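# Reading the structure
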Amino acid sequence: MVKPTRVTNRIRALRFAHDEMTQAELAERISVTRQTVIAIEQGRYSPSLEMAFQIAHVFKVPLDEVFQYPDSQEETK
């Protein structure tokens, strides 16, 4: 079984903030399938670093506004 990633993201919120962009539209802009976008949004798949930058570029925001990784203090809770 695949272990879910601890990386979280705001892709869904960013899509809606950008004229309600669909998963299919985002997928086309970053050259992946809609299923890949779904898996990333749901935290079942971590994108490559290059793909993460492409997603941030589509939304014109810094990478850390799209993806977050829990800091070490949160991990111990």
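Here is a short report on the structure shown in this document. If you're wondering where the values come from, they're calculated on a predicted model, not measured in any experiment.

## Observations concerning the packing of helix α2 (residues 23-30) against helix α4 (residues 49-59)
For any two helices packed against each other, the geometry comes down to the angle between their axes and how far apart the axes lie. Taken N-terminus to C-terminus, the directions of α2 and α4 make an angle of 120 degrees; their axes are 10 Å apart at the nearest point. In this structure, α2 crosses over α4, and the sense of that crossing is right-handed. Residues Leu26, Arg29 and Ile30 of α2 touch α4, and the partners they reach there are Met51, Gln54, Ile55, Val58 and Phe59. Taken together, the residues of the contact of α2 with α4 sort by class into 6 nonpolar, 1 polar and 1 charged.

## Concerning the pattern of salt bridges
Under the counting rule described, the total for this entry stands at 1 salt bridge. Across the pair Arg15 and Glu41 runs a salt bridge whose closest N-O atoms are separated by 2.5 Å. Of this pair, Arg15 sits in helix α1 (residues 11-17) while Glu41 is found in helix α3 (residues 34-41), placing the two residues 26 residues apart along the sequence. Each member of the pair, Arg15 as well as Glu41, is classed as buried.

What counts, and where the lines are drawn
Residues numbered from 1 in each chain as written. Predicted model: local features only at pLDDT ≥ 70, side-chain atom pairs only at ≥ 80, totals over all residues. Heavy atoms only, no water. Axes fitted to C-alpha atoms, helices over the stretch in contact; angles between N-to-C directions. Helix = DSSP H or I, 4+ residues; strand = E, 2+ residues; numbered from the N terminus. Left-handed = near helix turned anticlockwise from the far one by under 90°. Contact = heavy atoms within 4.5 Å. Nonpolar A, V, L, I, M, F, W, Y, C, P; charged D, E, K, R; others polar. Salt bridge = Lys/Arg side-chain N within 4 Å of Asp/Glu carboxyl O. Buried < 20%, exposed > 50% of the residue type's maximum accessible area, 1.4 Å probe, protein only.

Scope: geometric values only; no functional claims are made or implied.
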